[in-house]
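# Results of the structural survey
As a plain string of letters, each chain reads:
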Amino acid sequence: MNHIIENHITFDYLFAVGDTHGKNLQLASHLLPNVPKESKKAILHVGDFGMGFSSHVGEIDNMAHLDKKLKKDNVWLYVIRGNHDNPAYFDSNNSKHQDMDRFDNVILIPDHTLLSLQTVENNNLRIYCLGGAVSVDRTNRTPSKDYWWNEIVPDLPQQELDKIPKGIDIVLTHTRPQGIFPIDKNNIKLWLLRDKNLEYDLDFELDRITKVFDAINKKNTCYTHYYGHFHMSNVEHFGDIKHQLLNIDELIEVI
C-alpha cells in the first residue's frame with residue numbers, strides 16, 4: 001500500500017471536484033468559491049484529469065503551467081486516475097510519474113494509497129484513494145493515445161485489501177461499488193450494442209471495486225465517498241456512510 005503524507009501543510013479549506021477532462025487551469029480561479037486567496041486550499045480530484053492525451057513533453061509543460069497557477073492561489077491539487085488518464089502517470093515505478101515529482105502543488109496519487117492531510121479542523125484526515133474505470137466509449141478511441149488497456153480498477157490481492165486500515169475519513173474513487181448509484185446500464189445501451197465485451201468488463205470491474213469496499217467496510221462504518229465518471233450529481237446515505245457522485249467540473253467544499 002502506498003502512503004502520501006503532507007504533515008508540513010495545514011489546510012484552511014478542503015474541496016472535492018468532479019471530472020475536468022483536461023480543463024484544469026480553471027481549478028485555480030473561477031471554479032473556486034469566494035475564499036481568501038492567502039488561505040491554503042486542497043482539492044481532491046476524482047479522476048478524468050486528462051493526463052496523457054499530449055506528448056510527455058507536452059504533459060510536463062501543461063503541468064508546469066498548472067503548478068505555477070496553483071501556487072499563485074495557494075491551491076494544492078491531489079489527483080487520482082480516471083479512465084481518461086494514462087495509468088503510467090499514476091504508477092510510482094514509472095518514469096512518467098517520477099517526472100511529475102518536480103511539481104509541488106499537483107500530486108498524482110497512485111492506486112491503493114492512503115493520503116494523510118492536516119486541516120484546521122482535523123490533525124490527521126485519512127483518505128483512501130483508488131483510481132480506474134472502464135471506458136464505455138472505448139470502441140471510438142485509439143489504444144495508447146486516448147484509451148489505455150489497463151484503465152480498469154486494479155485487482156488487489158487479499159493481503160493488500162487486509163492493509164486497508166481503520167479510521168478512514170474519506171474514500172476517493174473514480175467509479176463506484178455495487179448497489180451505489182447508478183445501479184443500471186440504461187444510459188449506455190448504445191455502447192453495449194457496439195462493444196460486445198463491454199457488459200462483461202463492466203460487471204467484472206464492479207466485482208473488483210466491490211471487494212475493495214467490502215474490505216473498507218469491515219473496518220470503517222463512518223466515512224464519505226466521493227466519485228465521478230458518470231457525469232451526474234447524486235448523494236446517498238447508508239447509515240453513517242455517505243456516497244456523493246460529482247458531475248463534470250462540480251466542486252464542493254468538504255471542510
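Further up the page is the structure itself.
Report follows, based on the coordinates. Given the structure is predicted, the values throughout are model-derived calculations rather than measurements.

Criteria and cut-off values
Residues numbered from 1 in each chain as written. Predicted model: local features only at pLDDT ≥ 70, side-chain atom pairs only at ≥ 80, totals over all residues. Heavy atoms only, no water. Buried < 20%, exposed > 50% of the residue type's maximum accessible area, 1.4 Å probe, protein only. Helix = DSSP H or I, 4+ residues; strand = E, 2+ residues; numbered from the N terminus. Pairing = 2+ DSSP bridges. Contact = heavy atoms within 4.5 Å. Salt bridge = Lys/Arg side-chain N within 4 Å of Asp/Glu carboxyl O. Core = buried A, V, L, I, M, F, W, Y, C linked by side-chain atoms within 4.5 Å. Expected span 1.5 Å × (residues − 1).

When you tally the buried positions in strand E7 (residues 125-130), you get 5 out of 6 residues, the bulk of the element. Judged from the 5 bridges that link them, strand E6 (residues 113-119) and E7 form a sheet pairing that is antiparallel. Bridging across to E7, Ser 116 finds its partner in Arg 126. Where E7 and strand E8 (residues 170-173) come together, 4 bridges link them in parallel fashion. Within E8, the residue paired with Cys 129 across the bridge is Leu 172.

Here we take up the environment of Ala 133. The residue Ala 133 is located in the loop between E7 and helix H3 (158-161) in this model. Owing to a relative accessible area of 0%, Ala 133 belongs among the buried residues under this scheme. Filtering out sequence-adjacent residues up to four positions away, Ala 133 remains in contact with Asn 83, Glu 151, Ile 152, Val 153, His 174, Thr 175, Glu 205 and His 229.

Turning our eyes to something else, we now look at the pattern of salt bridges. Applying the stated rule across the entire model yields 11 salt bridges. Residue Lys 185 is joined to Glu 199 by a salt bridge in which the shortest nitrogen-to-oxygen separation is 3.9 Å. A residue pair is termed long-range when its members are at least 10 positions apart, and Lys 185 in the loop between E8 and helix H4 (189-194) and Glu 199 in helix H5 (residues 198-219) qualify at 14 residues. On the basis of relative accessible area, Glu 199 is assigned to the partly exposed category, the value being 41%. Two residues, Lys 185 and Asp 203, come together in a salt bridge whose shortest N-O distance is 2.9 Å. Here the residue Lys 185 occupies a position in the loop between E8 and H4, and Asp 203 occupies one in helix H5, the gap between them amounting to 18 residues. For Lys 185, a relative accessible area of 26% puts it in the partly exposed group. Given a relative accessible area of 33%, Asp 203 falls into the partly exposed group.

Moving on to the nonpolar core. Core analysis: the largest hydrophobic core is formed by 23 residues, its most contacted members being Leu 44, Tyr 78, Ile 109, Leu 115, Leu 117, Ile 127 and Leu 172. Excluding residues that lie within four positions of it along the chain, Leu 44 makes contacts with Leu 14, Phe 15, Ala 16, Val 17, Tyr 78, Leu 115, Leu 117, Ile 127, Ile 170 and Leu 172. In terms of nonpolar packing, the next biggest core, distinct from the first, is built from 22 residues, Leu 32, Leu 77, Phe 103 and Leu 251 among them.

Across its 22 residues, H5 extends 33 Å between first and last C-alpha, which sits within 8% of the 32 Å expected from 1.5 Å per residue. For H5, the complete set of buried residues consists of Leu 198, Asp 201, Leu 202, Glu 205, Leu 206, Arg 208, Ile 209, Thr 210, Val 212, Phe 213, Ala 215 and Ile 216. Buried residues in H5 make contact with E7, H3, E8, H4, strand E9 (222-227) and strand E11 (240-245).

Just geometry here; none of it tells us what the structure is for.
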